[in-house]
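Each chain, written out:
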Amino acid sequence: MGRDLGDVDTFAARASVLWKPSDSFQALLVGDYTKDDVNGSPTVFGGINTSAAFVRFASAIAGCPGFALTTPPTPVPENNDRRCANNQYSALGPYKVASNAPSRSKLEMYGVGLTLEYDVAEWLTVKSITAYRKTKPFSIRDADNTPLLILETVNQDDIKQFTQELQFIGEGLDGRLKFQFGAYYFRETDYQFYPVFLPSQISPTTGEELRVGGLNNNADIKNESFAAFTQESFAITDKLNLTVGLRYTRDKKEATPFETAASSGYGYVNVGYNVAYPAPLNASNVCLGPPRTGAAAAACAGSRVYLFDPVLNAKTNSKFTPAATLQYQWTPEFMTYASYSQGFKSGGFNTRIVQPVISANAPTGREFLPEFDPEQVTSYEIGAKLLIGRTLRLSGAVFQSKYDDIQIVVREGVAPVVRNAGKATINGFELEGSVSPSTPLVINFGVGYTDFGYDSFTAALNARQANLAPGALGRVDLDDMQAYTPKWSLNGGISYRVPVGRGSITPRADIAYRSKTYFDAPNTEQIAQNGYALINATIRYEAPDNRFSLAAGVTNLTDKAYRGSGNSSLTASSGYAEVPYGPPRMFTIEGTYNF
């Protein structure tokens, strides 16, 4: 459509007021507002499965030359005809897309927070943090990134969040004991309006449907979380310090689906929604939406309005999670520590489901939404920090994390579904530091290594993969890497400060490297990113007394085309893959003024 996707048009404002009527009490009120209205995210074609059902339907509707819907199915031919949904769009490269959707992204968000802090006594401070936020995002996306309608989505939310935290912070035993305890409450509501538009057409003469249509993945969402926590740090000796903590978390999640056929809108017509009836009903299809005419009428007889029963799905999870750190200060410049902690991520529901599952209470759909269980992790870490004069600073750690019921995202039917994969282990290390051979020169560096591996899978995940061969597209194997987690990450930077009068000029260069990265649990190669390095450079002027500063820079100096994320539905009926690339070389100018 000749539009620049990934453009930036953002207005943001923030204001704060501090009231301090006495030395023992202060109140801080902060408000912010953000508005964003752009042409959509810079997502481009990543690949297509020419044998996928929706890809074939869309090509038949468009009149792809030499192609017809046959039994057994035949794939869409690989040619350069735009009426054929195939891999010809890979030739467009990383920064062009042949999309037919009116892609758009809008966001309006505002929030307010009030922090009250009162020194009850020399040894005790009470802090209250109250916040409210409202977020209204809207986006239209062409998932297949072709000129044909294969899968396009609209996402609209109305999110309201309220949080309240109360902290008691203090010390005792002549400063040897430092403590903190308190409570936290979180409440969130959201009405999700998520239409999905799929290939759709009705023959004007016979009433025969080349239709999958579209549906509204609508749902009312409510999340509540309560936590009580405490942390104490005790100086056993002048050099040995022990910190222990305990947190109790109780999360409640509720979802009520209102999944119906999509109505016309946003330029989409002839929607409705048809899917094959699964056994044991043995009917031809489920047809949701307006009644059909002609041959289609019989197929739609007796259809229901909702694909899922619009009933409340509720899930409550709770967990105690302890933490402990033992720290020893060998010298003022050298410290070591060992830590233990547990983490917890609550379970939830999959609301974006388009394939009905038969149950006695919902014969054309399903009574309750598919759900997933909490994820738990136990982590161990040993580390050290070293300072040698003002020349060298080093910080390093080795760690291990053991996951139970780790949550991953896989494709089932058309929809992304969260499942509990089973047990997994992460081992790794981090080392970062800086060296300053002379006062104006600073060199910093860092290296990280992460080795992720599944230990075992749940019976449910094994059942999902029973018909997939090892290494097959869409299958998760024990040796797969975690999404968005490269094995190696390295960074380095160098700066040199040059005095100019009473001010200074500082040129700086940075380089960052990430090894091969996968963006989904099945490690789909079509959307993966091989190892790459990015180089940024800036030059900054700072006025005397830091009154103001000016800086000019360039990011992605070598103009490297790299994938920042990815999404694959190649094994599903929609058969697409999409990838957004990171920004190309960009030049920046910025300034600050302090008053």
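Residues numbered from 1 in each chain as written. Predicted model: local features only at pLDDT ≥ 70, side-chain atom pairs only at ≥ 80, totals over all residues. Heavy atoms only, no water.

Chemist: Can you lay out the pattern of salt bridges for me, pointing to particular residues and giving the numbers?
Modeler: Using the criterion set out here, one finds 20 salt bridges in the structure. For R133, the salt bridge is made with D32, and the minimal N-O distance between the two is 2.8 Å. Placement of R133 in strand β5 (residues 124–142) and of D32 in strand β2 (residues 25–38) is noted, with a sequence separation of 101 residues between them. Relative accessible area serves as the criterion here: at 22%, D32 is assigned to the partly exposed category. Counted as one network, the salt bridges with shared partners bring together K315, E371 and D373. (Salt bridge = Lys/Arg side-chain N within 4 Å of Asp/Glu carboxyl O. Helix = DSSP H or I, 4+ residues; strand = E, 2+ residues; numbered from the N terminus. Buried < 20%, exposed > 50% of the residue type's maximum accessible area, 1.4 Å probe, protein only.)

Chemist: So what's going on with the sheet that holds strand β28 (residues 576–580)? Residues and values would help.
Modeler: Taken together, 3 strands build an open sheet; the order of strands is β3-β28-β27 and the sheet is antiparallel. Unpaired on one side and paired on the other, β3 (43–48) and β27 (567–568) mark the two borders of the sheet. Here 2 bridges tie β27 to β28, and the two strands are oriented antiparallel to one another. Paired with N567 across the bridge in β28 is E578. (Pairing = 2+ DSSP bridges.)

Chemist: Run through the pairing of strand β19 (residues 392–412), naming residues and quoting values.
Modeler: Where strand β18 (residues 375–388) meets β19, 13 bridges bridge the pair, whose relative direction is antiparallel. Of the residues in β19, the one forming a bridge with L386 is L394. Count of turn residues in the β18/β19 antiparallel hairpin: 3 residues, of which G389 carries a positive phi of about 55°. Pairing analysis gives 19 bridges linking β19 to strand β20 (residues 415–438), with the strands arranged antiparallel. If you follow F399 over to β20, its bridge partner there is G428. The antiparallel pairing of β19 with β20 creates a hairpin that spans 2 residues between the two strands, and G413 there sits at a positive phi of about 70°.

Chemist: Account for unusual backbone geometry, naming residues and giving values.
Modeler: In this structure, Y484 is a non-glycine residue whose phi angle is positive, near 65°. Position of Y484 relative to the elements: it lies in the loop between α3 (459–464) and β22 (488–496). For N523, which is not glycine, the phi torsion reads 55° and is therefore positive. One can find N523 in the loop between β24 (503–514) and β25 (532–542).

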